[in-house]
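So the chains spell out like this:
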Amino acid sequence: VTVRQSHRGKEENGTMSGSIGDSFKALAGPQVLALAIGVVVTGVVGRIIALKLALRVAYKGNKTALMVLKLLSGKSPRLYAFQDYLPNLPLPRLKDSLRKWLESVQPLVSDEDFKKAQEAARKLETSPEGKSLQKVLEKRAATLDNWLSDWWVEFAYLRGRVPLPTNVSFFCTDSYRNLLGNLEPVEKDPIKRAVGMVQACLDFKHNVDTEKLKPLRIGGVLPICMDSFKQCFGTNRVPGEIIDTLVTHQVPKGGSAHVLLIVGACLFKLPVIVRGKRVPNDTMESAIRAAQNHADALPATAFGKGRNAELPVALLTSRDRTKWAQARTALLASGGANADSIREAEEALFCVSLLDGPSGLAEAYKKSDGVDCMEDAIQPYIRDGLVGVDGSKVWFDKCFSLMVYTDARVAWHFEHTYADAHINGLMSEHALVYSNEISRKWRLYKAPVLPQWDRQAPATLLRWDGNTAPALPMWVADARKEFDQLLKGFAFKPIYWVKFGATRIKKAKMSPDAFCQAVLQVAGIGYFGKPILTYEAAALRVFKGGRTETIRSATKDMVGFAKDFLALSKGGKKVAGEDKTRLAAMLRAAGDRHSKLAKAAGKFEGCDRHLLGLKLAALTTGEKVPELFSTAAWQLEFQLSTSQSPILQEHTKVPQELELYTLGGGFGPVADPGIGCSYHILPNRIYFYVSCRAPDASKGCDDFRARVRAALDSIVELLE
């Protein structure tokens, strides 16, 4: 089953936070109902009932409910303190979702195709088949905490057959401090840096396991679903010929755990917990150095010498999922070393890869004139992060991989199936902050005091037996060709915009997210030559098991503004006078409309996930798939896929001048041809990561970036 839906969920849309914050600030004082509930909830049962009732409506901005949450949440709630009280995912009315869908496609299709879409929507709303499919969803909603979540993981991810790199996975950078080289880095020794990062990740895992991690709350008040943190470590996407499976390997109390260490083409099992005891820094460092020396001393083979003497089996995980599943099945069936090595790789908590060379970023920064010049220098680094260098430096099925350069810079690579970016983002935020001694004053959690393993914990080289799996070299050779072909039509480049950020946009009285979406619409229409279906995800984390809903950003208002702006500014012409006044009014109206859509999507009042559910209801029950899903309007692809995510979620009090936060991250397009664009809005700058899939992807990427820069400068002037 192929579902034409974007699966991007990397952003943390900021509109819900603003909505909750504004509602809470608007309170003149405790309301009567809140005080009454406060009296009643002196008992545990009363408190639970009050929390449940409040959470049912708090996500809608109900002021009384927000006050109740503020009063009853406590100062230091544990990780899952609110999990059982979160509301289930609601089910919208069919006519509402159809109306919103029609509004979203009208500016993107011809009049004839829109009439066909209207007729198909009318049939679906009034026909027995439409009512029957809605009842299927109603039954699911009545019996499940989240009627969509299992379908979403299955059909948006696990049934997908495309390779994970550039299609599903995403990446995140090292801290600003380490990347740009204008400040003293955390650690200059790559192995010591790797050890520090591993230990910081394990500390985060300990806080998750013991539930000491604090639950995230929007606006500091509204709790969100934290269930995905259970899959943050030890999770593996296991390939299948038709459908993959998601498996999380739990470490039992008093048990052992390891990470997958990659050195060149060599894979090692590196113990990090032995019989319930943490392997200390010096022991882990010795084990990694010994593994590196072992790899470099390997005799030459037909595949290479030293660390490249082994077959780069990790490259197999970059293949089409069915091909990788067939190879994996054969390796397991061959037994012995091959089966053991597959199991050890899949049971690892995560992956650490020691790369063969430096990032080169510090040197490039010193020779440049600043951040603008870094955009060219950093391109190889961010590409490495997204595709695992040459495809063999990441086990793509693994929940996340930490790549360490010889100059001690690091890059993060994340598999996307099990969680959205806020989960991985919080983990990497913790690792970057807690692995740096200068942050000690601003840390939110104490370092755990744990029993230490007091003996050696050597890394073990994973072996591959070509005698029992003679096709293995051919599979790896084919994987290399396929990976190279995958990257031929792909490019990935950044924009580090330092002229202004959220502060100036807010001063001009516009939502920063809406402003960025206006910029991207102008760039998108200019690049594609027409209005295109645009995806921006809103987080559904206020619901149990919530993932994302779509904000269809190419609204009639936004497209109208972008078209007029492009026409009036053609050839670099400066917009002035009445044209400027009119465009500014159009921009503000489009921005207001976008903000309303974003807030509605965060409350599951969009249309995409509901309509997708109807289609899946038909496919899974054997009923006829409604005509709507074969219309030209439905078949539109998200040729522009966008996301916004925060740089920091918890450690917001760490001084900015320490530069301990990342430069963000990005992902690949979801359509071919297509553009992917993540963006991170800071007070005085905006980071964009632009990916392009096209015959000449590098040229396409440069074209889109140039259009974004031009739009940033011109559009902000309209508001001032």
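Residues numbered from 1 in each chain as written. Predicted model: local features only at pLDDT ≥ 70, side-chain atom pairs only at ≥ 80, totals over all residues. Heavy atoms only, no water.

Taken together, the side chains of Val 45, Ile 49 and Leu 53 make up a nonpolar region of the molecular surface, amounting to roughly 290 Å² of accessible area. Tracing the chain through its elements places Ile 49 in helix H3 (residues 44-58). (Patch = residues over 30% accessible without salt bridge, like charges linked within 9 Å, V, L, I, M, F, W, Y side chains within 5 Å. Areas by Shrake-Rupley, 256 points an atom, 1.4 Å probe, with all protein chains shown as cover. Salt bridge = Lys/Arg side-chain N within 4 Å of Asp/Glu carboxyl O. Helix = DSSP H or I, 4+ residues; strand = E, 2+ residues; numbered from the N terminus.)

In space, the six strands of this open sheet follow the order E13-E19-E18-E16-E14-E15, with mixed pairing throughout. Looking at strand neighbours, the two that pair on one side only are strand E13 (490-497) and strand E15 (548-552), the edges of this open sheet. Strand-to-strand twist in this sheet, taken as the mean axis angle between neighbours without regard to direction, amounts to 20°. Strand direction decides the pairing type here: strand E16 (residues 640-644) and strand E18 (residues 674-681), joined by five bridges, are parallel. Its bridge partner being in E18, Thr 642 is matched across the sheet by Cys 677. (Pairing = 2+ DSSP bridges. Axes fitted to C-alpha atoms, helices over the stretch in contact; angles between N-to-C directions.)

On to the pattern of salt bridges, then. Per the stated rule, a full pass over the model turns up 45 salt bridges. Across the pair Asp 390 and Arg 480 runs a salt bridge whose closest N-O atoms are separated by 3.6 Å. Pair noted here: Asp 390 is in the loop between helix H16 (379-387) and strand E10 (400-404) and Arg 480 is in helix H18 (residues 472-488), with a separation of 90 residues, a long-range link. Judged by relative accessible area, which is 25%, Asp 390 ranks as partly exposed. A salt bridge links Asp 703 to Arg 707, with the nearest nitrogen and oxygen atoms 2.8 Å apart. One end of the pair is Asp 703 and the other is Arg 707, both in helix H24 (residues 697-718) and four residues apart, which spans about a single turn. Residue classification places Asp 703 among the partly exposed positions, given a relative accessible area of 29%. Within this structure, Arg 161, Arg 237, Asp 244, Arg 321, Asp 397 and Glu 415 form a network of salt bridges that share partners. (Buried < 20%, exposed > 50% of the residue type's maximum accessible area, 1.4 Å probe, protein only.)

All right, on to the packing of aromatic side chains then. A complete count under the given rule lists 29 aromatic pairs for this structure. With 5.8 Å between their ring centres and 80° between their planes, Trp 497 and Phe 500 make a pair best called edge-to-face. With relative accessibility at 6%, the residue Trp 497 sits in the buried group. Its relative accessible area of 4% is what places Phe 500 among the buried residues. In textbook terms, an aromatic cluster arises when at least three aromatic residues are bridged by ring pairs, as seen for Phe 170, Phe 204, Phe 229, Phe 233, Phe 350, Phe 400, Trp 412 and Phe 414. Positioned above the aromatic ring of Trp 151 is the side chain of Arg 140, whose terminal nitrogen or guanidinium carbon lies 3.8 Å from the ring centre. For Lys 214, the ring lying beneath its charged end belongs to Tyr 445, and the centroid distance is 5.7 Å. (Phe/Tyr/Trp six-rings, centres within 6.5 Å; stacked < 30°, edge-to-face > 60°. Lys NZ or Arg CZ within 6 Å of the ring centre and 35° of its normal.)

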